[in-house]
Amino acid sequence: MALSNTSRIRVLEATKAPDGTTRYIDQIVTDADPRIEFSYLSISRLFSFKYDVLHIHWPEVLIRGRNKRTSLIKSAAILAVFTVLGWKRVPIVRTLHNQGPHEPGSSIDRAVLRFIDKKTDYFVTINEITEIPRGVGKYIPHGHYRDRFAHMPRSNPERGRLLSAGLIRPYKGIEDLLVTFEGLADAQARLRIVGSPTAELRDVVESAVNRDPRISALLEFVPDVILVDEVSRAELVCLPYRDLHNSGMLLVALSLDRPVLVPDTPTTRLLASEVGSGWVHFFHGEFTTDSLLEAFAALRSAGRSSRPDMTHRDWPRVARLYGSAFDEALAAVRNGRRADR
């Protein structure tokens, strides 16, 4: 059964509402079909069941709390909600931002996450390499940020300035970057760290700043206007992740026409072929001083286009594809084609 082009769809997004900063939710709701009515996560909205689609992003966030008791309560609530949604024939759509949680949880967490995956009716991947579970869903590219940043002032790139930005978490390899940079025998090089860290990594970064005058940091979540200034001042944006599947910061840098240094993975190779040569540089295996030297040498010697090619990542296209994903999930459920419940 196809849905009418005029049918209203009430979508509960299991995340916070847009807040004026760069967040993935903007790509879904900006330029969306006016027949789609979005609301955002709260306990009362979740338990009201007054929505046609539940769209989840990072399921671990739904079940983890500040302590074990809170996590158990949240997990029990999600088990109950997802069970009722099955009875009510409300599809659950999930965008696969990561291949799995970045921080390992308890055995209970893992069991509840398996339950969530089993109950999910439709999956969205944000790169073409991620396998769509059970073959039910579609690829919707992560949008660029060019239009969002267009009105914000930019700085000129500074030779030798290396930037790592975004949430500072262990899996992103910030400790490797600091050790590697400190071993770089270049008095003119500069390393800038920008973003909100864990308490442990704050201490690590601040210690490095105190040891090496070439290193500076702004350890807080920054508004877009500051992010644009920081990225545009960099000669190279470095994301020394121990593995990289998807990264919003990678697309932020390319949207601001700054080359990036990333691990060599299937997804980064695919992105490099999309945006054109000279924009995405790779390190292979362990991140070392040679990785930095080779990247700086390559970006200074190799030619590249005036801008990375990001033509198929426009937000109207992303929003339109999400509208069709919600339609398809609803049609499947109403025709009795559900996840294994």
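Whatever comes next refers back to the structure up there.
We now turn to the structure provided with this report. This structure is a prediction, so every number in the text was calculated from the model and none was measured.

Cut-offs used in this document
- Residues numbered from 1 in each chain as written.
- Predicted model: local features only at pLDDT ≥ 70, side-chain atom pairs only at ≥ 80, totals over all residues.
- Heavy atoms only, no water.
- Helix = DSSP H or I, 4+ residues; strand = E, 2+ residues; numbered from the N terminus.
- Buried < 20%, exposed > 50% of the residue type's maximum accessible area, 1.4 Å probe, protein only.
- Areas by Shrake-Rupley, 256 points an atom, 1.4 Å probe, with all protein chains shown as cover.
- Contact = heavy atoms within 4.5 Å.
- Polar contact = N/O pair within 3.5 Å; in protein donor to acceptor, adjacent residues only side chain to side chain.
- Pairing = 2+ DSSP bridges.
- Axes fitted to C-alpha atoms, helices over the stretch in contact; angles between N-to-C directions.
- Phe/Tyr/Trp six-rings, centres within 6.5 Å; stacked < 30°, edge-to-face > 60°.
- 1 Å grid on protein atoms, 1.4 Å probe; cavity = no way out; pocket = protein on both sides within 12 Å on 5 of 7 lines; lining within 4 Å.
- Points joined across faces, edges and corners; volume = space filled by probe spheres on them.
- Nonpolar A, V, L, I, M, F, W, Y, C, P; charged D, E, K, R; others polar.
- Salt bridge = Lys/Arg side-chain N within 4 Å of Asp/Glu carboxyl O.
- Expected span 1.5 Å × (residues − 1).

Quick notes on the overall build of the chain
Moving on, step 1. Within the chain one finds 13 helices and twelve strands.
Moving on, step 2. Along the first, second and third principal axes, the C-alpha set of the chain runs to 65 × 45 × 35 Å.
Moving on, step 3. Each of the 341 residues in the chain was classed as buried or not, and the buried ones make up 51%.
Moving on, step 4. Entry remark: accessible area of the chain is about 15800 Å², with carbon and sulfur atoms responsible for 52%.

Some words on helix 7 (residues 174–182)
Moving on, step 1. The set of residues buried in helix 7 consists of Ile174, Leu177, Leu178, Thr180 and Phe181.
Moving on, step 2. On its buried face, helix 7 sits against strand 7 (161–165), strand 8 (190–194), helix 8 (199–211), strand 9 (215–218), strand 10 (236–238) and helix 12 (289–301).

Structural notes on the environment of asparagine 127
Moving on, step 1. Take asparagine 127: it is sitting in the loop between strand 5 (122–125) and strand 6 (137–139).
Moving on, step 2. As for asparagine 127 and leucine 270, which are separated by 143 residues in sequence, their C-alpha atoms are 8.9 Å apart.
Moving on, step 3. Dropping the residues within four chain positions of it, asparagine 127 is found in contact with Tyr139, His245, Asn246 and Thr267.
Moving on, step 4. Among the polar contacts listed, one links the side chain of asparagine 127 to the backbone nitrogen of isoleucine 129, at a separation of 2.9 Å.
Moving on, step 5. A polar contact of 2.6 Å, which involves the side chain of asparagine 127, links it to the side chain of asparagine 246.

Some words on the sheet that holds strand 1 (residues 9–13)
Moving on, step 1. Across the sheet, which stays open at both edges, the six strands sit in the order 2-1-3-4-5-6 with parallel pairing between neighbours. Looking at which strands have only one partner, the edges of the open sheet turn out to be strand 2 (36–40) and strand 6. Looking at each pair of strands side by side, their axes are set apart by 20° on average, direction ignored.
Moving on, step 2. Pairing analysis gives three bridges linking strand 3 (residues 53–56) to strand 4 (residues 92–96), with the strands arranged parallel. Within strand 4, the residue paired with isoleucine 56 across the bridge is arginine 94.

A few points about the packing of aromatic side chains
Moving on, step 1. For the structure shown, the criterion picks out nine aromatic pairs.
Moving on, step 2. On the basis of an interplanar angle of 75° and a centroid distance of 6.4 Å, the ring pair of tyrosine 24 and tyrosine 322 is categorised as edge-to-face. Remark: tyrosine 322 occurs in helix 13 (residues 315–334) and tyrosine 24 occurs in the loop between strand 1 and helix 1 (25–29); sequence separation between them is 298 residues.
Moving on, step 3. Taken together, a centroid distance of 4.9 Å and an interplanar angle of 65° make the contact between phenylalanine 283 and phenylalanine 287 edge-to-face. Neither phenylalanine 283 nor phenylalanine 287 differs from the other in exposure class; each is buried.

Points about empty space enclosed by the protein
Moving on, step 1. One pass over the structure, following the stated rule, counts one cavity of 30 Å³ or more.
Moving on, step 2. Quantified by volume, the largest cavity comes out at close to 70 Å³.
Moving on, step 3. What lines the largest cavity is Ser164, Ala165, Gly166, Leu167, Ile168, Arg169, Lys172, Ile174, Val194, Leu239, Pro240 and Tyr241.
Moving on, step 4. In terms of residue class, the lining of the largest cavity is built from eight nonpolar, two polar and two charged.

Some remarks on the pattern of salt bridges
Moving on, step 1. Throughout the structure, instances matching the rule amount to 25 salt bridges.
Moving on, step 2. Between arginine 148 and aspartate 26 there is a salt bridge whose closest N-O contact spans 3.9 Å. One end of the pair, arginine 148, is in helix 6 (residues 146–149); the other, aspartate 26, is in helix 1, and 122 residues separate them in sequence.
Moving on, step 3. As a salt-bridge pair, arginine 211 and glutamate 182 come within 2.8 Å of each other at their nearest N and O atoms. Pair noted here: arginine 211 is in helix 8 and glutamate 182 is in helix 7, with a separation of 29 residues, a long-range link.

Considering the sheet that holds strand 10
Moving on, step 1. Taken together, six strands build an open sheet; the order of strands is 9-8-7-10-11-12 and the sheet is parallel. The open sheet has two edge strands, strand 9 and strand 12 (280–283), and neither has a second partner. In this sheet, neighbouring strand axes are inclined to one another by 25° on average, regardless of whether the strands run parallel or antiparallel.
Moving on, step 2. Summarising the sheet, strand 7 and strand 10 pair through two bridges and their orientation is parallel. Of the residues in strand 10, the one forming a bridge with leucine 162 is leucine 236.
Moving on, step 3. In the packing of helix 7 onto the sheet, contacts are made with strand 7, strand 8, strand 9 and strand 10, and the angle to strand 8 comes to roughly 165°.
Moving on, step 4. Running at roughly 140° to strand 7, helix 9 (residues 224–233) makes contact with strand 7, strand 8, strand 9 and strand 10 of the sheet.

Structural notes on the pairing of strand 1
Moving on, step 1. Taken across its five residues, strand 1 has four buried, putting it largely inside the fold.
Moving on, step 2. Note that strand 1 and strand 2 share five bridges and pair parallel. Within strand 2, the residue paired with glutamate 13 across the bridge is tyrosine 40.
Moving on, step 3. Summarising the sheet, strand 1 and strand 3 pair through three bridges and their orientation is parallel. Paired with glutamate 13 across the bridge in strand 3 is histidine 55.

Quick notes on helix 4 (residues 68–88)
In an α-helix, one turn spans 3.6 residues; hence positions three or four apart end up facing the same way.
Moving on, step 1. Under the 1.5 Å per step criterion, the end-to-end length of helix 4 is 30 Å for 21 residues, consistent within 8% with the ideal 30 Å.
Moving on, step 2. Here helix 4 has its buried residues at Ser71, Ser75, Ile78, Val81, Phe82, Val84, Leu85 and Gly86.
Moving on, step 3. Phi turns positive, to about 60°, at arginine 89, one or two residues after helix 4.

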